[in-house]
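# Structural characterization, general
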Amino acid sequence: MRIGFLGAGRIGTFHAAALAGTDGVDDLLIGDADAGRAAEVAERVGARAAVSVDAVFESGIDALVIATPTVTHAELITRAARAGLPTYCEKPIALDLAGTVRALGEVERAGTMLQMGFQRRFDAGYLAAREALRDGRLGRVHTLRAITSDAAPPPPEFLPHSGGLIRDCLVHDFDAVRWLTGREVVEVFASGSDGGAAFFREAGDVDTAAALLTLDDGTLVTATATRYNGAGYDVRMELSGDRDQFVVGLDDRTPFTSAEPGGPPGPARPWANFLERFEAAYRAELAAFVAAARGEAPNPCSGRQALSALLVAEACELSRLEHRPVRLAEITKRMSELEP
């Protein structure tokens, strides 16, 4: 396959290197708003560089990968759909619900494939937990506890274009909960705090958030996120049932120290960031995209699946701002009013 690749930033460089070594990829053409940066990344990973984003679309590619800044996603997804290109895009589709619905409408009218980047679906621990839950080993699952903690805050300039902590970070947990359980969220209650750097408050964001989700079978889910986990990057999920309990993300690099006498000390080399923690999952995700784009496998995470996770995030953000429980039906009603 000839794959066009847009975005030569941090995650783009990582994805480009992974794709360059993926079976079935014969040609990788990298484009970026900064042509010099595209050329640098292309040389580093053994790909070709395009002189512009337009040149990527005009080069006769078979599929497209989008790893550009969030504000460009919806426009590029729309353009790819109109060009009939199977597309992979890092989440989110857009920063708002209206933009997401519009872009999805373009994809669905064109009948093209859009795979969204929720890499936890390809992580070995999450896959094992899903299997254990689905085959009944946990019994009746009554509680899930999700944790997403960054080791340090992002640059201040990132926040205004991130969608906020809940949409940027906790949305991964919301997708994982739906994917693991096969259940839908029916109600949320969320809160946040902003005791860190002033730039969070200036952006109207929070640096720490917590949400309580109720699933349609009564299962309770707690999901927390923070930008200030000085011990290291920490992503875990506990699944508690009346027969057993599984923990995703618990290994010799999990950044915590036991307070119990004789308990395990903190890790010598804790996880530093999401690229390090989920390297294998990202590679598997991109290989799945290539297979799906070739028609050899189903789409593992459609745009509609990404929208469902976003609806939960939108409900949590509304709950945080208005200090009240929010039913998902309230958000889906808003969405239905946006759809043509």
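The model shown is predicted, which means the values in this text are computed figures rather than measured ones. (Residues numbered from 1 in each chain as written. Predicted model: local features only at pLDDT ≥ 70, side-chain atom pairs only at ≥ 80, totals over all residues. Heavy atoms only, no water.)

### Concerning the sheet that holds strand β4 (residues 63-66)
Spatial ordering of the open sheet is given by β3-β2-β1-β4-β5-β6, a layout of six strands whose pairing is parallel. The strands lining the two open edges of the sheet, one partner per strand, are β3 (48-49) and β6 (114-117). Against the sheet, helix α1 (residues 10-20) touches β1 (2-6), β2 (27-31), β4 and β5 (87-90), its axis set at about 170° to β1. (Pairing = 2+ DSSP bridges. Helix = DSSP H or I, 4+ residues; strand = E, 2+ residues; numbered from the N terminus. Contact = heavy atoms within 4.5 Å. Axes fitted to C-alpha atoms, helices over the stretch in contact; angles between N-to-C directions.)

### Observations regarding a nonpolar patch on the surface
A surface patch of nonpolar side chains, amounting to about 250 Å² of accessible area, comprises F189, L212 and L220. With respect to the element layout, L220 can be found in strand β10 (residues 220-226). Take L220: its relative accessible area is 41%, and that puts it in the partly exposed class. (Patch = residues over 30% accessible without salt bridge, like charges linked within 9 Å, V, L, I, M, F, W, Y side chains within 5 Å. Areas by Shrake-Rupley, 256 points an atom, 1.4 Å probe, with all protein chains shown as cover. Salt bridge = Lys/Arg side-chain N within 4 Å of Asp/Glu carboxyl O. Buried < 20%, exposed > 50% of the residue type's maximum accessible area, 1.4 Å probe, protein only.)

### Side note on the environment of I3
Residue position: I3 is located in strand β1. Sequence separation between I3 and E260 is 257 residues; the distance between their C-alpha atoms is 52 Å.

### A look at the layout of surface pockets
Volume-wise, the largest pocket comes out at about 1300 Å³. Lining the largest pocket are 42 residues, with R10, I11, F158, D168 and F274 positioned closest to its centre. Elements with a contribution of two residues or more to the lining of the largest pocket: α1, α4 (73-82) and α7 (165-181). Of all the elements, α7 adds the most residues to the lining of the largest pocket, at three residues. The residue makeup of the lining of the largest pocket, split by class, is 20 nonpolar, twelve polar and ten charged. Put simply, the second largest pocket is a space of about 160 Å³. Lining the second largest pocket are L133, G139, R140, V141, H142, L144, T181, R183, L215, D217, G218 and T219. (1 Å grid on protein atoms, 1.4 Å probe; cavity = no way out; pocket = protein on both sides within 12 Å on 5 of 7 lines; lining within 4 Å. Points joined across faces, edges and corners; volume = space filled by probe spheres on them. Nonpolar A, V, L, I, M, F, W, Y, C, P; charged D, E, K, R; others polar.)

### Examining the side chain of T22
Mapping T22 onto the fold places it in the loop between α1 and β2. Taking the relative accessible area as the measure of exposure, T22 reaches 13% and is therefore buried. From its side chain, T22 meets the backbone oxygen of A18 in a polar contact 2.8 Å long. Those residues in contact with T22, other than ones at most four positions away along the chain, are A287 and V290. (Polar contact = N/O pair within 3.5 Å; in protein donor to acceptor, adjacent residues only side chain to side chain.)

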